[in-house]
Structure formats: C-alpha cells, structure tokens
Amino acid sequence: MWPSLIKKSKEGGLNTIETYVFWNGHEPQPRQYDFSGNLDLVRFIKIIRDEGLYAILRIGPYVCAEWDYGGFPVWLHNLPGIALRTNNEVFKKEMQTFTAYIVELMKSEGLFASQGGPIILAQIENEYGNVQWAYGDDGKKYRDWCAQIAEDFRIGVPWIMCQQDDAPSPILSACNGYYCDQWNPRNSSNPKIWTENWSGWYMDWGNRIPRRTAEDLAFAVARFYQLGGSLQNYYMYHGGTNFGKTAGGPYITTSYDYDAPLDEYGNLRQPKWGHLKNLHETLMSIEEILLYGERTSMDYQDNKFVTIYAYQGKRSCFFASIDENKDQTLTFEGKDYFLPAWSVSILPDCYTEVYNTAKVNAQTSIMVKRPNEADDFEEPYDLVWQWKEEKIPRLNENGILKGNFNFLVSNVLMDQKRTTNGTSDYSWILTNYVHNASDPQWGNDKDIILHVHTDGHVVHAFVNGRFYGSQFAENGHFEFIFEKSIKLKQGNNAISLLGGTVGLANYGQFFDTVRVGIRGPVKMIARSKNGEPDVVNNISSYRWVYKTGLIGVDQGLHQFQPRYLHSWNTDKLQTNRPFIWYKTSFKAPLGSDPVVVDLLGLGKGVAWINGRSIGRYWPKYSASEEGCDIVCDYRGAYKPEKCNIGCGKPSQRYYHVPRDWLKGEDNQLVLFEELGGNPSLVSIQTVTVGTVCANAYEGHTLELACHAGSKFSDIKFASFGLPEGGCGHFRNGVCHSEKTLSVVQQACLGKERCVLQVNEDAFGSLRCNADTYRLAVEAVC
C-alpha cells in the first residue's frame, strides 16, 4: 500500500512524510535484525524520495505510538541491571547500538538531505519531557546523553526532541497536541515545529469511537501558521492497522484509524482530506510571504484577531475568531468580513477571502461495506468452516509437561514479560495440587474455590483439563481477582492457568515496569456452606511450569499449510465454546476496493490470513450505551470524549486484510477463538464509497469522486441557491435554481469524477437576498 498512500498524501498537499522506527520490529531478538516486508525502512524512505517528498525520521527509539511496549523489544526488560529511559549504562548501550545501526543504514543508502536524500529531520527520544521529572537527576543526565549521541552521529540535518522544551542546544524542541498555536520554542531563533497534530484519537477495546471534525483540525492548522508556525505534521495522516500483536495499551484496538485524512484502509476520508487539501493549497500559495515576511498581529477584541504577513510590497492576512459560540463580523480596512465562530479565514491579498476553516467545500463520502461476490455475481457466498479444539497443557503426576515445548520452572509467580520475552500474548502456568478428600477441612461438604490474583489482562482456568471459566479486566482496571468453584479428585490434580495480555503498556513514567500476568497469590479455598471460616491453602510457592503460547500455534494451525491437515473437523461445527480453532477458505473479492473481514459474532482471539496475523479481535467487547453525540459541533477545543460514535456497538467489528496478502483463490482465514463465538456470521467484505454529498460555497470549485472503478449512477439531490438540511436530508430552500439537477447530471453521471464551478455562470442567475449561495449535492456511486 505504500506507493498508493504516499501518492494520495502528496495529492492531498503534503510535502513531507514522517515515520517512526520501531525497535521491537527491527530487532526482535538481540542483534537479530529484520528489515524485510513491511519492515523495509529503506524501501519506504526511497518511495518517499521517488514521489518527490521529504521525510522526517523519528528514530526514538522509544516511540510510544500506542505500540506494544512503546516500541521497545521486551527482551530489554530481561537484561540484568537494566532500567529503561534513564541514566542506566545497560540501557544506554543498547539504545546507542540500535540508533547507530539505523543511522548508518540511512547513511549507507545516502538518504539524509545532507547526502542528497529526502530526510530533512531526525528525532531522538520521544515526549521525554512529559516524564523526565519522575527520573530525577538521572532523567536530566539521560536527556543530555541523548542529545550528545545524536550530535555525535553527524548526519548533517537537525535533530529534534518533541515535548522537550529544555532540549539541549542545538537540538530543536517541538510540540505535540491538538493545538500548538500558543506554543513557542524557548529559543526564539529556533523554528516553531509541531511534530504531532492529532487528527483524532486512538480506539480502545470497550470504548466508543472518537472523531475530530475537519473544521476543527483545519482551524488548528491555520492558527498555527497564523502565529508563526514553520512545520506541522499530522498524527496521523494515515493511521493504518496494528497487525500481529503490535497494538499497545493495554486494550488498544487492532485498528489505528485515528480518524485520519486517509482512513485505515487507505481511502480518502472526506471531507477531512479534501478540506485540508484546499487549506494546503492556500498556504502554499503564500509560502514565500510566510517564510520571509514580517508578521504583525492585532487583537480586534471580542475574541477576534488579525495577523498580517508583509514581504516585498505584498501582504497576506489571517482573520481568526476563537469564540466558541457566536459568528461575528470583522471590519478590516473599511470592509466587513463574516467570520464564523471558531474559524480562521485566509486572505492571500488581505482583501479576498480564499479559505475559511469552517466553510467546507469538499465532498463528504459515505462509506459502505459490500459482500464478497467473487463466486456469484448475484449472491454472496457463505463460508464453510472446519474446527479443532485447542489442546490444554497440563503436568502429569510426576510434574512433567509432555511434548517438545520450551518451558521455565519457578517457585515464584513471575511477570509475563519475563516468561514470554514478548513473543506471545499467552502464557500458561501449570502445577499439580494434591487433594485429600478425607480431610474434614476439605471434605465433600465444602465448596472448593480456585482463587487467582492477577495484574491482567485475561485469565482462563482449567483443572484436570476441564474448563472452569474466564475473566478479563475492565479497561483501565487491570488488577483483579478470579474466583471459581472447582471439582477436585482425590490425589493429584493438574492446575492449568492461562494468562493473556492485550497489548503491553506503552506510555508513562516507568511504563516498562508495569507488571502484567498472574502475580498471585493463587489459593485453594475450602468454603463452608454453614458460615464457618474459610480454609485457605496458598499455593503461590508451588513448583510452577511456565509454557509460552498456544499449542495450536506450536502445531502450526495458523499457517497456510499446517502440518496437521488431517486433524481438522468438518462436521458438527462447535460454536460458543472457548479455545476453539476455526478455518475456512475464500476467493479474493473482485475489483480493487479494500478488503475487510467482518468478525461479528465472535468473542475474542487472533485472526490469520494466509498465515499472516491481521491482529487481535474482540467483537464481544462493546462500548457503553452512553456518551455519543447525535450532533457534533466543531466549535470549541477538542478532546477525545467529544464527537464520539459507536455507542452500544463492538469497539471494532471489521478487520483490514491488505490485498497484497491475498491470492486469487484459496485464501485461508484461521481464527483462534478464546472466549466462544459463532463463526457462521463471519464474512468477507469490501469497503467503498456509497454516497457522496457536498454543500459547497459560491466562488469555489467542487470536486466529486467515487472510488476508483466506480461511477456515479444517480444524482438524488442537487440545488444551487440556499439549500437546507444535511446529507440524506437535503431540501430546496427559498432560493433555488431549477437547472441545478440537469447541470450536475450532465457533468457527473456515468463518471468516476466530476468538477463543478459553484457560481451563477454555471447554474443560472439568482435574484435572492443573500450574501452568498451554496451548491448542495447528493449522488450515488
């Protein structure tokens, strides 16, 4: 997808692409480097170069990014004597080794701008200023050390530290946030850089879906440049997908859509993409004046502000209203200008308004999911499923784990990062418990309780191979106690507990030390039915055998051609049972629209397409019924709780399947279902533009487009004048041109794309009492 994404970014008016470098992706084990496939960093930078764009390389190597463990490989955690992100020699040695490897890799390919390459800035560390206080004097020493090694690399381009106002010179500080117009570097001679302009927010399992309006995002950008900004980067412009187990958190979804101008699947998110494209074109039209001009700012009172840039006899103006409620009129040099609340107008000649952040002149695309009709053009086909139970490991009476598995033995309950080294979400802990049914304290009249204290995120319990239940933490409350009544037999009983993680912590001071997994105590409790005190046996110090990962993964059930082909069941499909593997095959959908798999009906688990993990799924975890906004008002400062959608629905239902991963036929979908669900509801679908709407202002050009390969089949509404209502509910206003529909039909029907000039020349003269007219259109692709 890289070439397409970068091309769409350029078409949207970007001139630079910013990217992280993920340490845990590129060095999954010490000194074992991986730059293959979608980890091919050199190829990515070269595609940027070949498209004629610049690059910003955020090496970090701590990146946060809602990425598993903040981008750190978990093996760091297990090095003796290490402390991360502080003045610790073990950590600094590893960080310097990896950073040097990346720098030398870029140098060897001539990719820094000093070598004629596209990389114009590089970043060391990330948002350390937010947590530096927690590390005391060692935090300051570490900050200074980061700056020094960066300069010692002598790459010939500036280094930046975002959210680090005390960055040692010559390192440049930068701002992250929803608004950075009021931020300025401490050194006034340094450029004003905005590394992360948050285009939305990430999604958590169990939470609603956040949205940030195009109007507010454009407002933030325009205000930044109005007040002397030099560089701003959208975070994200394309959010993408957290494939495999890369999503961090805990509880961050597989989707990292981030409400970005390019959505998770690479489609244009309209109107955000188009509204920003128009802004970028306007800013670039006055680039020289912004770069070299003298800036003068004036407070016009009542939350109205004017900024003038002047250079070589030319002037460009920004008019801003930061009022959250009322529209206003601004009088400038004898002329009145209408200024909507919470908006910025740009006048390249200080006379004619060319762009206003609150006036959207781009289409709104209503995206739809369509069934896979690869087999039958008339009806989508149903998937045919095979299934297989996941084997539950347990110790035999001699305390031996049968099978050729790697394992650890300990008499202390250990952090899951220690036992798995970050290679799996799943960690089995196994022990044997001897039960004496003749002991009156543990007799038949007692209810035997298995008690497990855990730091999350999920616990599953088995005794003698029998499943006794599961429990997962509510998002944000990851420490909990699991208790279930169990049946024990006389003598030896095999206790098998599975701890599961849903993304390791990625942010905050000492995030790397946050314990995860079954911490203990683990107890057997005999509870009397007549109110007598409990009898407790703490088994935390028993001999525990740790086995990483699922046996099904060890067997290769997720692989495209697993070794145990004969062991899949083809009849009596098991549903709503935990610890089940499912497998099916499908043909690739026709066309070029992005592909998704709808996992509605499933519980929680992991999915693979042709042996490649498309990430964790959890449709069973739905958002609250409350907190969504029927009407989203762009006015006023944004926060993640504003303009939410998806109340009462799964936090994520659709999972991206890159077309590059598919073959024409015989594609294999494999699911490991952890909690229990019904795969018969699963389907393969495509994502495309269904309906296009617009409400553009007079004097602008309106571009309408379907998805590639699709054409406009119907114009459901068109009105030039003073149309009322919104998309799906447009209606003619008191002023309307009767020829509007025929003009739009002639220009657009049967075409993938059409361009309309929004003026009376195109739609006929109107004699209405209005300052400006608008064109409203609703079209079907």
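Everything numeric in this text was worked out from a predicted model, so none of it was measured. (Residues numbered from 1 in each chain as written. Predicted model: local features only at pLDDT ≥ 70, side-chain atom pairs only at ≥ 80, totals over all residues. Heavy atoms only, no water.)

K.L.:
Even after reading the chapter, I still don't get the overall build of the chain, so can you show me in this structure?
P.N.:
Helices and strands together make up the secondary structure of the chain, namely twelve helices and 37 strands. Its C-alpha radius of gyration of 30 Å places the chain within 12% of the 28 Å reference for a compact globule of 781 residues. Dimensions of the chain, computed from the C-alpha atoms along their principal axes, are close to 100 × 65 × 55 Å. For the chain, the residues scored as buried account for 57% of the 781 residues in total. Taking as baseline every contact in the chain between residues at least 6 positions apart, the subset at least 24 positions apart corresponds to 72%. Of the roughly 32,400 Å² that the chain leaves accessible, carbon and sulfur atoms contribute 47%. (Helix = DSSP H or I, 4+ residues; strand = E, 2+ residues; numbered from the N terminus. Rg over C-alpha atoms; globule rule 2.2 N^0.38 Å. Buried < 20%, exposed > 50% of the residue type's maximum accessible area, 1.4 Å probe, protein only. Contact = heavy atoms within 4.5 Å. Areas by Shrake-Rupley, 256 points an atom, 1.4 Å probe, with all protein chains shown as cover.)

K.L.:
Got a minute to help me understand the side chain of S540 in this structure?
P.N.:
Summarising the element assignment, S540 is placed in the loop between strand 25 (535-538) and strand 26 (544-548). Here the side chain of S540 touches N538 through a polar contact of 2.6 Å, side chain to side chain. Beyond its immediate sequence surroundings of up to four residues, S540 is in contact with N411, L413, G520, P521 and V522. (Polar contact = N/O pair within 3.5 Å; in protein donor to acceptor, adjacent residues only side chain to side chain.)

K.L.:
Help me understand the nonpolar core in this model?
P.N.:
Burial of nonpolar side chains together is a common tendency in soluble globular proteins. I45, L57, F72, F91, M106, W159 and L279 are the most contacted members of the largest nonpolar core, which has 88 residues in total. Broken down by element, this core gets its largest block of residues, eight residues, from helix 6 (residues 214-226). Among the nonpolar cores identified, the runner-up in size contains 59 residues, and W205, V459, V595 and I609 belong to it. (Core = buried A, V, L, I, M, F, W, Y, C linked by side-chain atoms within 4.5 Å.)

K.L.:
How should I be thinking about the side chain of R616 in this particular structure?
P.N.:
Positionally, R616 belongs in strand 30 (residues 612-617). A polar side-chain atom of R616 sits 3.1 Å from the main-chain carbonyl oxygen of A247.

K.L.:
Can you help me understand the sheet that holds strand 19 (residues 446-454) in this one?
P.N.:
Two pairing modes exist for strands in a sheet, parallel and antiparallel, and in both the strands are linked by backbone hydrogen bonds. Read from one edge to the other, the open sheet built from four strands follows the order 22-19-24-25, with strand pairing classed as antiparallel. Edge positions in the sheet fall to strand 22 (480-485) and strand 25, since each has one partner strand and no second. Put simply, the sheet's adjacent strands are angled 20° from each other on average, direction ignored. Note that strand 24 (residues 518-528) and strand 25 share four bridges and pair antiparallel. The partner of M524 across the bridge, within strand 25, is N537. (Pairing = 2+ DSSP bridges. Axes fitted to C-alpha atoms, helices over the stretch in contact; angles between N-to-C directions.)

K.L.:
Got a minute to help me understand the pattern of salt bridges in this structure?
P.N.:
Two side chains with opposite charge may pair up if their charged atoms get near one another. Within this structure, the stated rule accounts for 40 salt bridges. With its nearest N and O atoms 3.1 Å apart, the salt bridge here joins D50 to R49. With a shortest N-O distance of 3.0 Å, K326 and D323 are connected by a salt bridge. The exposure class assigned to K326 is partly exposed, which follows from its relative accessible area of 37%. We classify D323 as buried; its relative accessible area is 8%. (Salt bridge = Lys/Arg side-chain N within 4 Å of Asp/Glu carboxyl O.)

K.L.:
Hey, could you run me through the sheet that holds strand 20 (residues 458-463) in this one?
P.N.:
Spatially, six strands are ordered 17-26-18-23-20-21 in an open sheet, and the strand pairing comes out antiparallel. In this open sheet, the two strands that pair with only one neighbour each are strand 17 (407-410) and strand 21 (466-472). Sheet twist, expressed as the mean angle between neighbouring strand axes with direction ignored, is 20°. Examined bridge by bridge, strand 20 and strand 21 share six bridges and lie antiparallel to one another. Looking across to strand 21, one finds that V463 is bridged to R466.

K.L.:
Looking at this model, I keep getting lost on the packing of aromatic side chains. Mind explaining?
P.N.:
Where two aromatic rings form a pair, the distance of their centres and the angle of their planes describe that pair. Applying the stated criterion to the full structure yields 60 aromatic pairs. Judged by centre distance (6.1 Å) and plane angle (20°), the ring pair of Y142 and W145 falls under stacked. Of this pair, Y142 and W145 both sit in helix 5 (residues 136-152), three residues apart, which is roughly one turn of that helix. Arranged with centres 5.2 Å apart and planes meeting at 50°, the rings of F462 and F467 form a pair that is tilted. On the accessibility criterion, F462 (3% relative accessible area) is buried. For F467, a relative accessible area of 32% gives the class partly exposed. A cation over an aromatic ring shows up here: R212 above the ring of Y179, its NZ or CZ 5.1 Å from the ring centre. In this arrangement the basic side chain of K547 is found over the ring face of F405, its NZ or CZ atom lying 5.0 Å from the centre. (Phe/Tyr/Trp six-rings, centres within 6.5 Å; stacked < 30°, edge-to-face > 60°. Lys NZ or Arg CZ within 6 Å of the ring centre and 35° of its normal.)

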